[in-house]
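Descriptive analysis of the structure
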Amino acid sequence: MSVHAVRSSGPADCDVVLVGAGLVGAALALALAPQGLRIALIEAQPLGRMEQPGYDERSTALSFASVQILRSLGLWPAVAAHASPIRHIHVSQQGGFGVSRFDAQEMGVDVLGQVLPNHALISAFLDQLGRQADLVVHAPARVTAVHQDAERMRVRGEGPNGSFELHSRLLVAADGAESTVRGLLGVGVTRREYGQSAIIANVTPSIAPQGRAFERFTPDGPIALLPLRDARCALVWTLPSLAQQWALEISDKTFLGELESRFGRRLGPFQRVGHRQAYPLTLVRSRRMVEGRAVFLGNAAHAIHPVAGLGFNLALREAVILAEMLATAQDPGDRDVLEAFEQRIERYQDQIVGLSNALPRLFGQRFPGLGHARSLGLLGLDLAPGLKTGFVLHAMGLDRDMPALARTGSLVGGGRP
Ligand SMILES: Cc1cc2nc3c(=O)[nH]c(=O)nc-3n(C[C@H](O)[C@H](O)[C@H](O)COP(=O)(O)OP(=O)(O)OC[C@H]3O[C@@H](n4cnc5c(N)ncnc54)[C@H](O)[C@@H]3O)c2cc1C
């Protein structure tokens with residue numbers, strides 16, 4: 001990895017200041033790089049500090065469309081060796097008879113998506129960023145003040161060597177769910193505490209997942225198992241917050257037994273669990289995506305429930321749509337362009353946020369008779385081909401208004417079919 005930090009003492013002019021080099025900020029920087037824009041990236045952490053690969057590495061499920069975008073950005077060769085394909089998705093409910101199955105072959109594709117370790121994704125992003133001539137990186141550095149007027153944004157940052165100032169025509173905040181930039185610009189959020197935590201760990205079942213991903217709804221919350229290499233699975237187990245400490249502290253043997261009692265034996269008895277981590281779950285959604293010459297992306301725009309692994313897929317879609325719309329803009333902070341961007345992403349974003357919000361609530365309700373209705377719903381989904389196709393197209397990130405990078409591999413030529 002070869003991204004190096006650069007610092008300037010006086011105000012520096014650029015076209016785009018991007019705050020946050022997480023998965024979303026880094027992806028946008030790469031999508032913007034070929035446009036000849038002068039980009040400054042500010043990241044709070046030293047670049048290169050990332051999880052070490054190993055049994056405990058964290059993973060992200062990428063939709064079919066996200067994989068296409070990574071291919072278009074030239075990233076796929078660097079990550080392909082780490083990827084595990086998803087060829088089947090199996091959705092079920094604990095204590096219910098309905099099951100729904102989604103299959104790549106039925107959809108006429110080789111894979112529905114891919115699971116990638118986060119370290120492989122981040123390394124590939126940072127390697128590629130290190131090759132961009134027009135990119136200046138300030139890391140580690142934090143944004144401390146933001147001012148905007150009609151013509152430009154003025155951004156102050158603070159790093160180990162002191163403060164610096166950048167002027168830009170567009171400011172993109174990809175600085176996480178508790179976005180500093182969003183706060184400095186006075187944009188509020190809608191916040192919903194789920195009262196749930198996600199327990200993340202890698203587990204080894206006795207039967208290799210072989211391209212199968214599982215989503216199992218239990219009364220306490222959904223359990224997702226994603227296929228990984230070496231016959232392992234990435235587990236995302238959603239539990240009530242009150243059970244978080246219990247799930248972290250019980251022995252490995254008890255943990256695996258409790259998991260099996262909820263998930264069942266589709267993959268045989270579980271044999272091993274790695275390090276467990278807890279993520280308290282809160283929906284945080286920015287009230288606006290655009291504020292003057294500033295745009296919010298990724299977790300800074302919407303940190304959603306991980307129930308269906310949609311958060312990064314949604315954010316990547318929006319990042320490359322923004323890059324696509326800026327490709328033909330005279331001024332990257334132009335009000336009409338940013339408003340058109342906001343309008344273009346609004347409907348799909350509402351659907352995905354709504355879905356990720358509704359699923360854990362629907363399957364978490366304990367009213368008599370509802371379990372039966374949900375089972376019938378899953379069964380219905382499995383039997384009704386049209387409904388099922390619509391559902392799986394969503395999971396694959398395919399819709400009528402896909403970004404050009406997912407559709408044609410270039411920043412122009414996509415959009416509405
Ligand atoms: C348990 C769990 C499982 C998930 N699984 C999936 C999945 O399978 N598929 C999927 O699509 N999505 C998944 N997601 C969602 C996905 O993780 C997020 O969508 C994604 O991480 C968002 O990335 P981001 O870059 O927007 O934010 P972040 O990862 O939060 O990055 C923000 C960056 O900004 C930097 N920063 C913060 N403040 C400042 C500042 N003031 N100045 C400069 N820099 C700053 C931070 O250091 C950080 O690098 C999951 C989420 C969870 C919680």
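See the structure above.
All of these numbers come straight from a predicted model, not from anything done at the bench. (Residues numbered from 1 in each chain as written. Predicted model: local features only at pLDDT ≥ 70, side-chain atom pairs only at ≥ 80, totals over all residues. Heavy atoms only, no water.)

Observations regarding the overall build of the chain
- A tally of regular secondary structure across the chain gives twelve helices and 20 strands.
- Among the 417 residues that make up the chain, the fraction classed as buried is 53%.
- Relative to all contacts within the chain whose residues are 6 or more apart in sequence, the contacts with residues 24 or more apart total 73%.
- Summed over all atoms, the accessible surface of the chain reaches about 17600 Å², with 51% contributed by carbon and sulfur. (Helix = DSSP H or I, 4+ residues; strand = E, 2+ residues; numbered from the N terminus. Buried < 20%, exposed > 50% of the residue type's maximum accessible area, 1.4 Å probe, protein only. Contact = heavy atoms within 4.5 Å. Areas by Shrake-Rupley, 256 points an atom, 1.4 Å probe, with all protein chains shown as cover.)

Describing empty space enclosed by the protein
- Overall, the coordinates contain one cavity of 30 Å³ or more when judged by the stated rule.
- For the largest cavity, the calculated volume is near 110 Å³.
- Lining the largest cavity are 14 residues, and of these Ser-63, Asn-313, Leu-314, Tyr-348 and Gly-397 sit closest to its centre.
- Of the residues assigned to the lining of the largest cavity, the class counts are eight nonpolar, five polar and one charged. (1 Å grid on protein atoms, 1.4 Å probe; cavity = no way out; pocket = protein on both sides within 12 Å on 5 of 7 lines; lining within 4 Å. Points joined across faces, edges and corners; volume = space filled by probe spheres on them. Nonpolar A, V, L, I, M, F, W, Y, C, P; charged D, E, K, R; others polar.)

Observations concerning the pairing of strand S9 (residues 142–148)
- Bridge count between S9 and strand S10 (residues 153–159): six bridges; the pairing is antiparallel. Each bridged residue has a counterpart across the sheet, and for His-147 the counterpart in S10 is Arg-154.
- Linking S9 back to S10 in an antiparallel pair, the connection comprises four residues. (Pairing = 2+ DSSP bridges.)

Digging into helix H8 (residues 311–326)
- With 16 residues, H8 extends 23 Å between its outermost C-alpha atoms, agreeing within 8% with the 22 Å of an ideal straight helix rising 1.5 Å per residue.
- Here H8 lies mainly inside the structure; 15 of its 16 residues are buried. (Expected span 1.5 Å × (residues − 1).)

Looking at the site of the ligand
- Neighbouring residues of the ligand: 28 residues in total, closest Glu-43, Ala-61, Asn-299, Phe-312 and Asn-313.
- Gln-45 is positioned with one of its side-chain polar atoms (N or O) 3.4 Å from an oxygen atom of the ligand.
- Here a nitrogen atom of the ligand and a backbone polar atom of Val-143 are 3.4 Å apart.
- Coverage of the ligand by the protein amounts to 84% of the 1000 Å² it exposes when considered alone.
- For the shell around the ligand, the secondary structure elements donating two or more residues are helix H1 (23–32), strand S3 (59–63), S9 and H8.
- Here the element with the most residues in the shell around the ligand is H8; it accounts for three residues.
- Class assignment for the residues of the shell around the ligand results in 13 nonpolar, eleven polar and four charged.
- Split by domain, the shell around the ligand shows at least three residues from each of two domains, domain 1 (12–51 + 120–190 + 284–362) and domain 2 (59–117 + 192–281). (Near = heavy atom within 4 Å. Polar contact = N/O pair within 3.5 Å; in protein donor to acceptor, adjacent residues only side chain to side chain. Domains from an automatic or database assignment.)

Notes on the sheet that holds S3
- The strand order across the open sheet built from three strands is S3-S7-S4, with neighbouring strands paired in antiparallel fashion. For this open sheet the edge positions go to S3 and strand S4 (84–86), each flanked by a neighbour on one side alone. For this sheet the average axis-to-axis angle between neighbouring strands, irrespective of direction, equals 30 degrees.
- Bridge analysis of S4 against strand S7 (residues 113–117) gives three bridges, and the strand direction is antiparallel. If you follow Ile-86 over to S7, its bridge partner there is Gly-113. (Axes fitted to C-alpha atoms, helices over the stretch in contact; angles between N-to-C directions.)

Here's the deal with the packing of H1 against H8
- Between H1 and H8, whose axes approach to 9 Å, the crossing angle comes to 25 degrees. Comparing their axes, H8 and H1 come out roughly parallel. As for how H1 packs across H8, the hand of that crossing is right-handed. Of the residues in H8, those in contact with Leu-23, Val-24, Ala-27, Leu-28, Ala-31 and Leu-32 of H1 are Phe-312, Ala-315, Leu-316, Ala-319, Val-320, Leu-322, Ala-323 and Leu-326.
- Across the contact of H1 with H8, the residue classes break down as 14 nonpolar, no polar and no charged. (Parallel < 35°, antiparallel > 145°, perpendicular 65-115°, else oblique. Left-handed = near helix turned anticlockwise from the far one by under 90°.)

Some remarks on the packing of aromatic side chains
- Scanning the entire structure with this criterion turns up three aromatic pairs.
- For the ring pair Phe-214 and Phe-263, a centre distance of 5.4 Å and an interplane angle of 85 degrees mean the geometry is edge-to-face. Of this pair, Phe-214 sits in strand S13 (residues 212–218) while Phe-263 sits in helix H7 (residues 252–263), and the two are 49 residues apart along the sequence.
- By relative accessible area, which is 1% here, Phe-263 ends up buried. (Phe/Tyr/Trp six-rings, centres within 6.5 Å; stacked < 30°, edge-to-face > 60°.)

In short, the description is geometric, and any link to function would need to be established separately.
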